[in-house]
Every structure is written in C-alpha cells, then in structure tokens.
Amino acid sequence: MTNISNLFGGEFKPPVEVPASNKTPGEQLIDAIASHGYEPPAEIIFDGNIHRFSPSGRARDDSGWYIAHAGKIHAGAFGCWKESTSINWRQDIGRELSLAEEMEHSTRMKQIRAKREEEQARLAATASDTADTIWSNATDASDSHPYLERKQVKSHGLRVTGDGRLIIPMIGQEGEIASLQFIDSAGEKKYLSKGKAEGAYFVLHGTDSTIYIAEGYATAATVHEITGGTTFVAFSAGQLANVAAMIRQSYAGDLVIVADHDESGTGQRKAEEAARASNARIIIPPIVGDANDYHVAGHDLAALLMPPVVDDW
C-alpha cells in the first residue's frame, strides 16, 4: 500500500507546548514594561481603565500609562505619552492561541486602542489650551538670552517665561499651538506636560528653493541664518519623518534633513528613514555633534550646506 503521509507534511505530531510562565499576569506585565526601559508601577490593576505611572521613576513624572484587561487570557497595552509610544501586551499562557481566542484578543485590543486614543485626545486638547495661555502671556525673547548667545543664534519669534526660560511653540497639524518646549539658560529642555509632540514643528521662514529640517532649535536657527532658507524644527530625531511627510504633502522641491551626528547612530538612522520616505537629501556634520556644534567650533558649515557647484565640462 502506498504511503501518502508525505502529501500532508508527514506523520501527525502533536504541537509542542511551551511551558506557561509561572508568574502572575500582573508580574508578566510589569516585566514587559521594564523590558522597554521604563520604571514599572508597583502593581497592576486589571480593570480596563487607563492608569498613569512614572516611567522615569521621578515623582512628578506621570507620562507613563497602561491599560490592563482581565479574562481567560489577560491583555493590555502600555506606553509613554511623552515619547508617543504604545506597546501591546498579552499574557503568556504557554501555548499558541486558538482561532476563537485570537478573535477575542483582537476585539479586546481594538477596545484598548480606542480608549487610549480617546484619552490621548482629551489630554492633548487640555494641553493645547494651557500652551495657548502660557504663550499669550509670555514676553518676547531677546537675542541676548544666555542660551542663544552661547549657541550664537538669534531669537526668531521665541518668547520667554517669567523665570527666564525660552519658549518655543510646537505647532500642530491644524496650525494650533499643540505644546511648548522650554529651554533654560543651561540648555536643559523640557516639554509641556501631556502636550502632543507627534508631528509638531516650529518654522523659521525664509526662501523656499531649498527647505531644511533639523532636530533642535539651535541647529535650525543656525541653518536658517547661514542659508536664508525656510527651516523647520522637528524637536527630536523620532519626529523627523512626521515633519518631512507633512512638508512633502505641499512641497515638491529640494528637501534637506540636517541630521545630528550621534555616537549612538540614532540621529543618522532616523534621518535616513525620514529621507527615504519623503525623497529628501541628508546632510550630516563629519564630526560628532549637530550642525550648530560644527559651526560654533569654527568649521565651515556654509560649505557643508551649500557646496560650490563645480563645472568640469
């Protein structure tokens, strides 16, 4: 008799089950939060509501959040409002889920996502109102502010708080002030609590034959003052892609990302990702630091940004 078992992948073998974790669902979620570099909360409450915690361990930092649902298979999500992160989580039960369990888990994750987005929108709206009030009551910043003098750039529409911190408005996709960045005289940067940073920008207006994007204000101001070109502040390496995509929707010309030269490679990597997605060019200082550091150190940033055209015909 012919052996036809090979037509169906060989003889039947029962799936090998991975032993389930001997930790409770709460302990598993705490481990998952810690594995992403956050300081986890002391305990997890499985009630389907959003709970806040300090991802940095600092008392006044409540930008961390988690949602945890109890059930046959516990599930949830966690992240950080400040970093715009969101990570899904599911209890380890030591085996793969059945089709019915997968469908139930998918439905639950949709509910979690909807609740998270609703809470995020509420916090962002409140922060936007607060940002508008702070900005309206602030005074214009002087070019002689210690931070600006050290960075050798001017104040292009910045304002200052009563205690001397620079204020940079973070403009949202609808043109509203979505959040604020504060920079003190020593250069320490902080953001308005719960403000929406994703996709936010600040722009220094100029010519538009080439539009530039940089991470920080000092870098953007340096590029703008040297080139005269319109320059956007993305505020972080992770936001370069969002700002570049926003510009590309209405601008088909030369788009240049002036990336930071980080020892970790983060600035270069994020700039490359943004450039590929938005068909942009990248300029990176040849030494560690950003374009402002390169300029302040006495190097020729103009030659780096606008290299002479060589006609070797």
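See the structure above.
Residues numbered from 1 in each chain as written. Predicted model: local features only at pLDDT ≥ 70, side-chain atom pairs only at ≥ 80, totals over all residues. Heavy atoms only, no water.

Colleague: Would you explain the nonpolar core in this entry?
Modeller: A general feature of soluble globular proteins is that nonpolar side chains tend to end up buried together. Leu-180, Ile-213, Phe-232, Val-243, Ile-247 and Ile-257 are the most contacted members of the largest nonpolar core, which has 29 residues in total. Where this core is concerned, the elements lending two or more residues are helix H2 (99–137), strand E7 (166–171), strand E8 (177–183), strand E11 (207–214), helix H5 (240–248), strand E13 (254–258) and helix H6 (266–278). With five residues, the single largest contributor to this core is H5. Among all residues touching Leu-180, those that are not within four sequence positions of it are Ala-131, Ile-134, Trp-135, Ile-167, Ile-168, Pro-169, Met-170, Lys-190, Tyr-191 and Leu-192. Within the second largest apolar cluster, 20 residues are counted, among which are Ala-141, Ile-183, Val-233 and Phe-235. (Core = buried A, V, L, I, M, F, W, Y, C linked by side-chain atoms within 4.5 Å. Buried < 20%, exposed > 50% of the residue type's maximum accessible area, 1.4 Å probe, protein only. Helix = DSSP H or I, 4+ residues; strand = E, 2+ residues; numbered from the N terminus. Contact = heavy atoms within 4.5 Å.)

Colleague: What's the story with helix H4 (residues 217–227) in this structure? I'm lost.
Modeller: Residues separated by three or four positions in an α-helix point in the same direction, a consequence of the helix having 3.6 residues per turn. Burial within H4 is extensive, with nine of its eleven residues counted as buried. Gly-228 sits one or two residues past H4 and shows a positive phi near 80°.

Colleague: Even after reading the chapter, I still don't get the pattern of salt bridges, so can you show me in this structure?
Modeller: Here the idea is simple: oppositely charged side chains can pair when their charged atoms come close. For the coordinates displayed, the defined rule picks out eleven salt bridges. Close ionic contact of Asp-140 with Arg-159 constitutes a salt bridge, the shortest N to O distance being 4.0 Å. Here Asp-140, found in strand E5 (residues 139–140), pairs with Arg-159, found in strand E6 (residues 159–160); they are 19 residues apart in sequence, far enough to count as distant. Residue class for Asp-140 comes out exposed when judged on its relative accessible area of 61%. The partner of Lys-151 in a salt bridge is Asp-293, and the shortest N-O contact between them spans 3.9 Å. (Salt bridge = Lys/Arg side-chain N within 4 Å of Asp/Glu carboxyl O.)

Colleague: Mind showing me how you'd approach unusual backbone geometry here?
Modeller: Negative phi values dominate among residues other than glycine, just as trans dominates among peptide bonds. Located in the positive-phi region is Gln-152, a residue other than glycine, with phi close to 60°. Tracing the backbone through its elements, the reader meets Gln-152 in the loop between helix H3 (146–151) and E6. Residue Gln-152 is classed as partly exposed on the basis of its relative accessible area, which comes to 45%. A positive phi angle, close to 80°, is found at Phe-235, a residue other than glycine. Looking at the secondary structure, you find Phe-235 in the loop between strand E12 (229–233) and H5.

Colleague: Help me out: how do you make sense of the pairing of strand E3 (residues 75–80) in this one?
Modeller: Side chains on a regular strand alternate between the two faces of the sheet. Counting buried residues along E3, six of its six residues qualify, which places the element largely inside the surrounding structure. Sheet topology places strand E2 (residues 64–69) next to E3; six bridges connect them, and they run antiparallel. When the sheet's bridge partners are listed, Gly-64 is paired in E3 with Cys-80. Between E2 and E3, which follow one another and run antiparallel, lie five residues. With six bridges joining them, E3 and strand E4 (residues 85–90) adopt antiparallel strand pairing. The residue of E4 that forms the bridge with Gly-79 is Ser-86. (Pairing = 2+ DSSP bridges.)

Colleague: What am I meant to see in helix H1 (residues 25–35) here?
Modeller: Those residues of H1 that sit buried are Pro-25, Gly-26, Gln-28, Leu-29, Ile-30, Ala-32 and Ile-33. In this fold, the buried residues of H1 make contact with strand E1 (50–53), E2, E3 and E4. A positive backbone phi angle near 85° is found at Gly-37, which sits one or two residues after H1.

Colleague: Teacher, can you tell me more about the sheet that holds strand E9 (residues 189–191) here?
Modeller: The strands that make up a sheet pair up through hydrogen bonds in the backbone, lying either parallel or antiparallel. Overall, antiparallel pairing links the five strands, which are arranged E5-E6-E7-E8-E9 in an open sheet. Of all strands in the sheet, those bounded by a partner on one side alone are E5 and E9. Where E8 and E9 come together, three bridges link them in antiparallel fashion. Each residue of the ladder has a partner; that of Phe-182, found in E9, is Lys-190. H2 contacts E5, E6, E7 and E8 of the sheet and is inclined by roughly 55° relative to E8. (Axes fitted to C-alpha atoms, helices over the stretch in contact; angles between N-to-C directions.)

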